[in-house]
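What the coordinates show
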Amino acid sequence: MKKTISKKYLILKLFMQEKLVSRVLAKAVLLSLTTNLILISTMSSADLPDFKSLVKESSPAVVNIATVQRKQNGNVFGFKGPKGESIPEMFKPFLPFQEPPKRPEGNDRPKSLGSGFIISEDGYVLTNYHVIKDAEKVFVRLNDRRELEARVIGSDKRSDIALLKIDATSLPVVKIGNSEKLEPGEWVLAIGSPFGFDHSVTAGIVSATGRALRSETYVPFIQTDVAINPGNSGGPLFNLDGEVVGINSQIYTRSGGFMGLSFAIPINVAMNVVDQLRENGFVSRGWLGVIIQEVSKDLAESFGLEKAEGALVVKVLADSPAAIGGLQEGDIILKFAGHPIILSADLPHKVGVVPPGDRAKMQIVRSGELMDISLVIGTLPSEKNLANNRVNKASGGYVNNPLNLLLDELSNELKQRLNLASGVVVVKVEEGVGARAGLIPADVITMLNGIKIQSVSHLLDVIKEAPKNKALPMRIVRRGSPLYIPIKFGK
């Protein structure tokens, strides 16, 4: 009997001990989980930026820009075209949809067109060119509600930068950062006046740097997902150190409002423009004097490149720095002044920042050979008049050929009009090699596989000797503009 009781007691004791151990383990696990959750919560809070102090320090230097226009701008309200039509899927400057109340001191009605920021205590203000374009008067509204008329010191349409001056002292100023250090994924913050709501704050991250837009060839834009809307134009883009790294300039939109694609001018580009405007009143840019084209996969193969990269020179302008320096049509520029040229759009803004008169080194591919050349950079002309005349049907005898085209010799009139020394004109396109390559009537074939075409018979000879079943570069002039296309001849 005793043994039975002892055994039951022992089993009960062990059970209680196990239960106690289980409770202790359970409490330990619960405590560990709670601690980890607290740590994770604390770490997450620490990782998220706190913009409050940044906004308090920087907001006083952000201003609203209003103007009295010389003439009504058809795009001021709702991004409408000249006939009232919508403008879909374009890069649009941030113009507003509303206007502020009428000024009591006169009949002028200044329209709140954007934002700006103060860069010096004595009243220099930076904004966008398109904000003050066609303005008869420009007004700057400060954080303390003062509204002062500004003088336009200078503006630069190509970079969309304008420098203003107001008569005031001891003004709050922004800190200028270094946009070259920006990397995708960094937090950034914008302060501006979207739709006239002053000092609105929005935040996001850098989506990409060095973006080239079709409408702007001299600015390597910063792309962000910061909510930017009409009225943010000209306002600052800050990094987490409270430094201005960009000027909000453009958006990509179908609706006229924010769609997650915003573009800012790098502050390094802007300050270079500011320095020139303050010193000279205008901006000088470097210039090569070439027309370039993107290198596609097929073109890269035709030129013997391992991958599609660089800027393909399709035309060298007469008496330009490129012509004097020995650059040739068909050259592919892979590096400029030590900078790799991955896309053709990378080249213009790299050339533009080189002071005219300086010498620059380039790495190019010519006839399949890698080589280095050096030339003196010129000054970008204020206006470039490129030929844009259509080629009319040539006269004379037509010739059939392996391209399955009707070709004709260039008349002296066409040579003079297009500024060409030689070439042949496409009169008619039939189904075949030429059509598959994308040739159309009125194209002028000037070069094939690096050989300048002198006549129709010469073209036929070049085709006979050309490698088969391999993409070859063909240079043509279409509507006055040169370009390269890849073409492949079968056996």
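Reading the values: rules and limits
- Residues numbered from 1 in each chain as written.
- Predicted model: local features only at pLDDT ≥ 70, side-chain atom pairs only at ≥ 80, totals over all residues.
- Heavy atoms only, no water.
- Helix = DSSP H or I, 4+ residues; strand = E, 2+ residues; numbered from the N terminus.
- Buried < 20%, exposed > 50% of the residue type's maximum accessible area, 1.4 Å probe, protein only.
- Contact = heavy atoms within 4.5 Å.
- Salt bridge = Lys/Arg side-chain N within 4 Å of Asp/Glu carboxyl O.
- Phe/Tyr/Trp six-rings, centres within 6.5 Å; stacked < 30°, edge-to-face > 60°.
- Lys NZ or Arg CZ within 6 Å of the ring centre and 35° of its normal.
- Core = buried A, V, L, I, M, F, W, Y, C linked by side-chain atoms within 4.5 Å.
- Pairing = 2+ DSSP bridges.
- Arc of directions from axis to C-beta.

Brief notes about the overall build of the protein
Tallying secondary structure elements over the protein gives 10 helices and 28 strands in all. Residues counted as buried form 46% of the 491 residues belonging to the protein. Of the contacts made within the protein by residues no fewer than 6 positions apart, 61% connect residues no fewer than 24 positions apart.

So, the pattern of salt bridges
Counted by the stated rule, this structure contains 10 salt bridges. Of the charged contacts in the structure, one is a salt bridge between Asp 167 and Arg 151, with a shortest N-O distance of 3.3 Å. Of the two residues, Asp 167 sits in the loop between β7 (161–165) and β8 (175–176) while Arg 151 sits in strand β6 (residues 147–156), which places them 16 residues apart along the sequence. Taking the relative accessible area as the measure of exposure, Asp 167 reaches 62% and is therefore exposed. For Arg 478, the salt bridge goes to Asp 443, with nearest N and O atoms at 2.7 Å.

Description of unusual backbone geometry
Apart from glycine, the bulk of residues carry a negative phi angle, and the bulk of peptide bonds sit in the trans form. Its identity as a non-glycine residue notwithstanding, Arg 145 has a phi of 80 degrees, on the positive side. Summarising the element assignment, Arg 145 is placed in the loop between β5 (135–141) and β6.

A closer look at the packing of aromatic side chains
According to the stated counting rule, one finds 3 aromatic pairs in the structure shown. Taking the centre distance of 6.3 Å and the plane angle of 85 degrees together, the rings of Phe 221 and Phe 263 count as edge-to-face. One end of the pair, Phe 221, is in strand β11 (residues 216–224); the other, Phe 263, is in strand β14 (residues 262–266), with 42 residues separating them in the sequence. Take Phe 221 and Phe 263: they sit in the same class, and that class is buried. Consider the rings of Phe 303 and Tyr 484, whose centres lie 5.6 Å apart with planes at 70 degrees: the pair is edge-to-face. Of this pair, Phe 303 sits in the loop between α5 (297–302) and β17 (311–316) while Tyr 484 sits in strand β28 (residues 481–488), placing them 181 residues apart in sequence. Across this residue pair, the class does not change: Phe 303 and Tyr 484 are buried. Sitting over the face of the ring of Tyr 124, Lys 165 holds its NZ or CZ atom 5.6 Å from the ring centroid.

Section: the nonpolar core
Counting residues in hydrophobic clusters, the biggest one holds 30 residues, and the most contacted among them are Phe 117, Ile 119, Leu 126, Phe 238, Ile 247 and Ile 267. Those elements that place two or more of their residues in this core are α2 (52–58), β4 (124–127), β7, β9 (187–192), β11, β13 (243–253), β14 and α4 (267–280). The leading source of residues in this core is α4, at 7 residues. Ignoring sequence-local partners within four residues, the contact set of Phe 238 consists of Leu 54, Ser 58, Val 62, Val 174, Trp 187, Val 188, Leu 189, Ile 191, Glu 243, Val 244 and Val 245. Among the nonpolar cores identified, the runner-up in size contains 22 residues, and Leu 407, Val 462, Ala 466 and Ile 487 belong to it.

Structural notes on the pairing of strand β25 (residues 444–448)
For β25, the buried fraction is high: 5 of the 5 residues fall into the buried class. Pairing geometry for strand β24 (residues 424–429) and β25, over 2 bridges, is antiparallel. By the bridge assignment, Val 424 is partnered in β25 with Ile 445. Examined bridge by bridge, β25 and strand β26 (residues 451–452) share 2 bridges and lie antiparallel to one another. Bridge assignment links Leu 448 to a residue of β26, and that residue is Ile 451. Count of turn residues in the β25/β26 antiparallel hairpin: 2 residues, of which Asn 449 carries a positive phi of about 55 degrees.

Quick notes on helix α10 (residues 456–465)
Every buried residue of α10 is listed here: Val 456, Leu 459, Val 462 and Ile 463. Taken end-on, α10 shows its buried residues confined to a sector of 115 degrees, consistent with a single buried face. Exposed and oriented more than 90 degrees from the buried face of α10 are Lys 464 and Glu 465. Lining the buried residues of α10 we find β23 (405–409), β24, β25 and β26.

Observations concerning the environment of Gly 204
With respect to the secondary-structure elements, Gly 204 resides in strand β10 (residues 200–213). By relative accessible area, which is 6% here, Gly 204 ends up buried. Separated by 19 residues in the primary sequence, Gly 204 and Gly 185 place their C-alpha atoms 9.0 Å from one another. Excluding residues within four positions of it along the chain, Gly 204 makes contact with Glu 186, Trp 187, Val 188, Asp 225 and Val 226.

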